[in-house]
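Remarks on the overall topology
Chain by chain, the residues:
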Amino acid sequence: MSEPRVNELMEKIVSLCKRRGFVFQSSEIYGGINGFWDYGPLGAELKRNVKELWWTSMTRRRDDVVGLEATIIMHPQIWRASGHVDTFSDPMCDCLLTRKRFRADQIDLQSGTAYHFSGARDTAAGKAVAEPYAVLLPAGKPPESARRTAMEFYRARGLAQPELEGERTEKVENSQRFNPDNGSLLTEPRPFNLMFKTYVGPVADEDNVAYLRPETAQAIFAQFKNVADTSRQKVPFGIAQMGKAFRNEVTPRNFTFRSREFEQMELEFFIQPDEVVEALCGDVATPAGPGHPGEPQRNWGWQMWHQYWVEERIRFYDAIGLPRTTLEEYWQKPDELAHYARATVDLLFKFPFGTQELEGIAARGDFDLSQHERCSGKSMGVFDEELRTAWGKLTEEKRLALSARYHDARLKYLLRAGVSPEQASRDAREDADGLAKGQYIPHVIEPSAGVDRLILALVANAYGETTSTDEKGKTETRTVMKFHPTVAPVKVGVFPLLKNKPELVAKAREVHAALRGEMLAFYDEAGAIGRRYARQDEAGTPFCVTIDFDTLGETPALKDTVTIRHRDDGRQERLSIAELKAYLLARVR
RNA sequence: GCGGGUGUAGCUUAGUGGUAAAGCUCCAGCCUUCCAAGCUGGCUAGGAGGGUUCGAUUCCCUCCACCCGCUCCA
């Protein structure tokens, strides 16, 4: 069983990331820390570029999205409302025999007779194990099977011929302490809190517990009213946020793909419920087929908006160098959907270690705002004058139908949230009456992307090798990082052809100085020109500019021109210094 | 959290119970008129801690990190 290189490509990528300063292990000089990674000089530029492109395309180039930058530590109630406190801190226990893991609270209740053993000994080998163990048998099963299971347990602990000791039995009712599959005792339940806990203020007691946010989305919901009230936006509109999030993952894996500290880029796009759209427009547009549905229209229902954002996100990836062909679109099946979601599309990328999620675009209904409204007691609804007017002009039949649909949706949510049936019925009726007055809770479409896994995808996608053999028969492999120019960390390398000719050096420094304010330009004069090109190839620099003797006027017609060399094909062209900046800017922005 | 594997320089590897070798990279100098040329010189290493030993990078233990398989994963 020797496969030393399980994933050779991944190893090469990790190695290159370190060698060229894209990604380092966090705290490396102290041995590293599991699940945390740092970005080096090139990685920091790459990440910054990606985030800036996302922010620009999401907010600055749109009229209907605004930004938010919230704190990482928020009121702990936020995580109760969102459901994270419950679902992110499950007590887990393991089967002592098979090591299978269970959620302690989800084990089927069992009754029967428990056979306890205080330990076992192997007289022949002169060994003993003092660990107590127990097996639960349902009524009617022979005690021998419990002993067989127990012997298996002690054999796994090093006794070849276990002789069981201290057997006693006990009646057990509705217990969750045993593995339903084999009756084996489980370990004590241990809490598995996926949220990082901390304490606010100097006293570290339970009253001061706070959490590092496990996602950026909840801050957007919590601040929805403030943003809506101050930004002069009207539904449909979105709130975008980028920032760090933290999850105490059980197993961080696959380089930076699953880290404990990571960064998200999330948009919460708030839309009108379909009942509101129908009241305002008379109909609700639904997707006619796959593909981008075009510019947003007033009569779009949630499905149109959902598809719109899926396609917008794919366009974004395409624009930064992850073409559609490198992505997979996965529509979650109804039984895979989270409880709050109406539909979720995962955009997957084919990583060297498998096809994995890059971004999820979820249609979350009004779950989040409703939860915060319920838990905070503050209204999360919006008022729409137009809706009230339109409502007055509807036929009685239409009003009843829309009102009934809205009522039923609200009732369903409230009951699922655990509100008592009487209360839920009253609240749902009130919500439906509110609709007639122009009030409703917006629904939301959430495109949520992981920055770090996107960086990893860009690196994996850019990675390329070319092997060439020289006249001496020596083969060498070169690495070329084919980043799209808009995300590439360094945009242009500037070189004098030769280092020991002061005129070339002076001119090259001049060109470099003229470019550096506009883009990241790297000046290099060390080594042969080919070596400098190769260095930039490995960093993913799309363009290199070389100042040669023609630049200085050796061939009069070529005075003040430079060669510009293209990373991906080595092609060179001659360009005047005067047009250089515009030429590059057009390609790297 | 479980099981398996790995850990020597920035990278890729070598070797050894007696204090570590090489190639590439990198840095400096010379040279060089466009794709890792050449010459000279230089920096840098056995993950951490403990044990055995006169002596440990080598043997043993513990821990840490990484990889693989489970488990987990909004």
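Data block above holds the structure.
What comes next is a walk through the structure. (Residues numbered from 1 in each chain as written. Chains lettered and ligands numbered in written order. Predicted model: local features only at pLDDT ≥ 70, side-chain atom pairs only at ≥ 80, totals over all residues. Heavy atoms only, no water.)

Counted under the stated rule, the structure contains 37 salt bridges. As a salt-bridge pair, R567 and D568 come within 2.6 Å of each other at their nearest N and O atoms. The exposure class of D568 is partly exposed, given its relative accessible area of 44%. The partner of D569 in a salt bridge is R571, with the nearest N and O atoms 3.2 Å apart. One network of salt bridges, with partners in common, ties together K47, K51, E263 and D452. (Salt bridge = Lys/Arg side-chain N within 4 Å of Asp/Glu carboxyl O. Buried < 20%, exposed > 50% of the residue type's maximum accessible area, 1.4 Å probe, protein only.)

Let us look at the sheet that holds strand β7 (residues 119–122). If you walk across this open sheet you meet the three strands as β8-β7-β10, and the pairing is antiparallel. In this open sheet, the two strands that pair with only one neighbour each are β8 (127–129) and β10 (163–165). Strand-to-strand twist across the sheet, computed as the mean angle between neighbouring axes with direction ignored, equals 20 degrees. The pairing of β7 with β8 spans three bridges and is classified as antiparallel. Each bridged residue has a counterpart across the sheet, and for R121 the counterpart in β8 is A128. Across the sheet, helix α5 (residues 143–156) touches β7, β8 and β10, and the angle it forms with β10 is around 105 degrees. (Pairing = 2+ DSSP bridges. Helix = DSSP H or I, 4+ residues; strand = E, 2+ residues; numbered from the N terminus. Axes fitted to C-alpha atoms, helices over the stretch in contact; angles between N-to-C directions. Contact = heavy atoms within 4.5 Å.)

On to the nonpolar core. In terms of nonpolar packing, the biggest core is built from 62 residues, with W309, Y317, L358, L454 and F483 touching the most fellow members. Setting aside its immediate chain neighbours within four residues, Y317 contacts L322, L327, L347, L358, E359, A449 and L454. Within the second largest apolar cluster, 28 residues are counted, among which are V66, A217, F224 and V276. (Core = buried A, V, L, I, M, F, W, Y, C linked by side-chain atoms within 4.5 Å.)

In this section: the environment of K398. By the element assignment, K398 lies in helix α12 (residues 396–416). Linking K398 and A204, residues 194 residues apart in sequence, is a C-alpha distance of 57 Å.

If you check helix α2 (residues 41–60), its first and last C-alpha atoms are 27 Å apart, about what 20 residues at 1.5 Å a residue would give, namely 28 Å. Within the sequence span of α2, burial applies to L42, G43, L46, K47, N49, V50, W54, W55, M58 and T59. (Expected span 1.5 Å × (residues − 1).)

Moving on to empty space enclosed by the protein. All chains considered together, the criterion is met by two cavities of 30 Å³ or more. In this structure, the largest cavity encloses a volume near 40 Å³. Taken together, I320, G321, L458, N461, A462, K482, F483, H484 and V487 make up the lining of the largest cavity. Put simply, the second largest cavity is a space of about 40 Å³. Taken together, C17, V23, Y39, F255, T256, I455, L456 and V459 make up the lining of the second largest cavity. The leading source of residues in the lining of the second largest cavity is helix α14 (residues 451–462), at three residues. Among the residues making up the lining of the second largest cavity, the classes are represented as seven nonpolar, one polar and no charged. (1 Å grid on protein atoms, 1.4 Å probe; cavity = no way out; pocket = protein on both sides within 12 Å on 5 of 7 lines; lining within 4 Å. Points joined across faces, edges and corners; volume = space filled by probe spheres on them. Nonpolar A, V, L, I, M, F, W, Y, C, P; charged D, E, K, R; others polar.)

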